Amino acid sequence: MDESLADVEHIWVPVGQFPSLLDAARLVHDLQQIKEIAKSISGQLDPTQIAHRVTDALVQRFGCAFARMWLLEPNQIMLRLVASSGLYTHTNGSFARVPVGAYKVGKIAQNQVPFLSNHLPEEAWVKDRQWALDNHIQGFAGYPLVAGDRVLGVLASFSHGPFDPEFLEVLQVLCMTVAVALEAALSTAPTSTAGVSEVRPASLSDQLAHILEHSQFTLIGTERPLRPLVAQLLLQAVDTLKQLNCGYCRLTYAPASVHLEAIAHGISGLFPGGEDGGERQEWGYGDSPLADLQHGVLCLGGNLEIRSVVQRQTCQLSLKLPAAQYPMVVQVQCRPALLHQGAVQLVAQAGFVVVAERDAPAVIRVTDDPGLLGDLPVIWVHHGAGAIPPGIAAVMDLETTAEELHALIHQALQDPLGRYQESVPLLSERERQVMTLLADGQRDRAIAQALYISESTVKFHINNSLAKLKAKNRYQGVYQAVVQGWI
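Keep in mind that what you see is a predicted model, and the values were worked out from it rather than measured.

Turning next to the pattern of salt bridges. For side chains bearing opposite charge, pairing can occur when the charged atoms are close. Applying the stated rule across the entire model yields seven salt bridges. The partner of R335 in a salt bridge is D368, with the nearest N and O atoms 3.7 Å apart. Of the two residues, R335 sits in the loop between β12 (329-333) and α9 (337-349) while D368 sits in the loop between β14 (364-367) and β15 (378-382), which places them 33 residues apart along the sequence. D368 gets classed as buried once you look at its relative accessible area, which sits at 2%. Three or more residues joined by partner-sharing salt bridges are found here, namely D444, K459 and R474.

Turning next to the packing of aromatic side chains. Applying the stated criterion to the full structure yields nine aromatic pairs. Taken together, a centroid distance of 6.4 Å and an interplanar angle of 50° make the contact between F115 and F140 tilted. Separated by 25 residues along the polypeptide, F115 in strand β4 (residues 115-117) and F140 in strand β5 (residues 139-147) bring together distant segments of the chain. No difference in accessibility class separates F115 from F140, as the two residues are buried. For the ring pair W131 and F158, a centre distance of 6.3 Å and an interplane angle of 85° mean the geometry is edge-to-face. Placement of the pair is W131 in helix α4 (residues 129-134) and F158 in strand β6 (residues 150-159), with a sequence separation of 27 residues. Residue classification places W131 among the partly exposed positions, given a relative accessible area of 22%. Ring pairs connect the aromatic residues F66, Y88, F115, W131, F140 and F158, which therefore count as one cluster. The ring centre of F115 lies 4.3 Å from the NZ or CZ of K104, which sits over that ring.

On the secondary structure map, L339 appears in helix α9. Relative accessible area serves as the criterion here: at 14%, L339 is assigned to the buried category. Between the alpha carbons of L339 and H383 there is a distance of 9.3 Å; along the sequence they are 44 residues apart.

The subject of this paragraph is the nonpolar core. Among soluble globular proteins, nonpolar side chains are generally buried collectively. Counting 34 residues, the largest nonpolar core has V54, L58, M69, L155, L174 and V178 as its most contacted members. In terms of residue count, helix α5 (residues 165-188) provides more of this core than any other element does, eleven residues in total. When sequence neighbours within four positions are dropped, the list of residues in contact with V178 reads I41, I50, V54, M69 and L145. A237, L241, L304 and L319 belong to the second largest nonpolar core, which has 31 residues in total.

Turning our attention to the side chain of R68. Turning to its location among the elements, R68 is positioned in strand β1 (residues 66-72). According to the relative accessible area criterion, R68 is buried, its value standing at 8%. Contacts of R68, omitting those with residues within four sequence positions, involve T55, L81, A83, S84, Y88, H90, F95, V154, L155 and A156.

Looking now at empty space enclosed by the protein. By rolling a water-sized probe across the atoms, one finds the places where empty space is left. Under the criterion given, the structure shown has two cavities of 30 Å³ or more. Roughly 40 Å³ of internal volume is contained in the largest cavity. Together, G93, S94, A96, R97, Q232, L235, Q236 and D239 line the largest cavity. Looking at the lining of the largest cavity, the element that brings in the most residues is helix α7 (residues 228-243), giving four residues.

Attention now goes to the state of the cysteines. Under the defined criterion, the tally for this structure stands at zero disulfides. No disulfide involves C246; its sulfur sits 5.2 Å from the nearest other cysteine sulfur, which is in C249. In this structure C246 comes out as buried when scored by relative accessible area, which is 5%.

Cut-offs used in this document
Residues numbered from 1 in each chain as written. Predicted model: local features only at pLDDT ≥ 70, side-chain atom pairs only at ≥ 80, totals over all residues. Heavy atoms only, no water. Salt bridge = Lys/Arg side-chain N within 4 Å of Asp/Glu carboxyl O. Helix = DSSP H or I, 4+ residues; strand = E, 2+ residues; numbered from the N terminus. Buried < 20%, exposed > 50% of the residue type's maximum accessible area, 1.4 Å probe, protein only. Phe/Tyr/Trp six-rings, centres within 6.5 Å; stacked < 30°, edge-to-face > 60°. Lys NZ or Arg CZ within 6 Å of the ring centre and 35° of its normal. Core = buried A, V, L, I, M, F, W, Y, C linked by side-chain atoms within 4.5 Å. Contact = heavy atoms within 4.5 Å. 1 Å grid on protein atoms, 1.4 Å probe; cavity = no way out; pocket = protein on both sides within 12 Å on 5 of 7 lines; lining within 4 Å. Points joined across faces, edges and corners; volume = space filled by probe spheres on them. Disulfide = S-S within 2.5 Å.

Structure (structure tokens):
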């Protein structure tokens with residue numbers, strides 16, 4: 001179900017997850033807890049303090065595994081994580097800043113639609129399902145904090161077990177109370193050093209300089225607006241560089257790109273092994289604090305390089321991202337991790353924006369998963385000996401170049417109903433079985449015995465297959481069946 005098609009209460013709830021009858025005694029008890037939380041934030045004029053008191057209370061009073069609150073920044077395009085309680089208390093990392101419309105949190109803010117689930121690991125939009133399984137997280141409740149028609153932020157709660165329906169009812173009341181308190185705090189102290197109105201200035205260079213206030217920061221070129229995801233990635237990089245004791249940072253605006261260069265000194269986390277652990281290996285993205293950053297750079301078609309200098313006591317970082325607007329967004333979802341990474345890089349090299357979330361807006365999908373056919377035109381990633389399913393718009397393989405993929409995507413958008421399949425014969429399941437055994441060198445009698453059919457039936461299926469494959473003989477038929485992926 002699309003979030004824009006939510007029910008009249010504007011709450012997206014997977015069918016069958018929450019019972020309809022409420023326990024009146026439990027509801028009264030939970031409302032009393034909400035009343036106590038409301039008292040604790042009444043008259044508070046610091047938005048960050050309001051956020052901390054609310055997330056702490058959700059963990060302490062309602063037993064949430066952890067709770068987080070993001071507040072909308074003045075630029076109206078980014079959410080900033082200001083409070084986190086329970087399992088995680090840090091406010092940096094991958095979701096420290098979320099563009100409105102990105103990920104589930106950004107979509108809740110964009111659409112002003114709550115999202116509830118008691119089966120979080122099974123949700124397609126979850127970035128890391130294994131994390132949810134490892135930490136035994138089942139419940140997720142995300143609510144927009146809205147004052148009038150203005151979104152102020154997002155409140156999210158996570159639980160080890162299913163959320164009780166009574167809690168979800170009173171959580172709506174809490175969100176309305178919090179929104180009122182936040183609106184009052186933001187309107188009474190626009191210049192307060194504690195308010196989020198002054199957390200980060202509007203321009204990107206000012207935001208970067210604010211983060212690196214104790215480092216040398218230089219801006220080269222004429223600053224211009226960047227796409228929200230590009231700006232977020234630069235802010236994420238600088239947040240991490242600050243933790244690595246960044247001493248120097250330079251941001252350069254080129255005609256078609258933006259380039260971030262930095263020197264950092266606290267690099268022990270970037271290399272495996274300790275000081276006396278023998279010869280260190282060069283930095284690898286998989287075990288680095290910058291691993292998430294590398295994934296984002298890959299999706300945007302950029303380049304990230306790091307090398308160690310001065311006897312590996314210092315590192316130089318070079319991050320280059322395209323600054324131009326892309327015409328189209330392409331969703332990539334391949335099952336093998338290496339294939340997914342390669343497809344992401346190829347799509348980016350072809351000049352498109354790449355997204356990986358199942359519910360992210362996109363015009364076309366690149367995948368090898370037959371379960372993801374139907375809602376978008378599909379470029380099928382053909383590898384191995386599997387069959388190419390019907391209904392796809394075009395096919396790429398491991399030899400496809402970025403230029404070829406660019407042409408395929410434009411071709412597929414012109415004919416999303418599947419021009420490719422017109423040239424691909426459809427072998428039945430029995431015909432595929434027969435042709436597979438024929439390819440193994442089996443004679444008609446052996447094929448008949450293996451499939452428990454008569455020899456005449458074997459010949460019938462072979463002749464039908466040859467006709468569909470436009471093959472003059474069995475050797476050509478086997479060859480065409482292999483080349484087209486049917487066996």
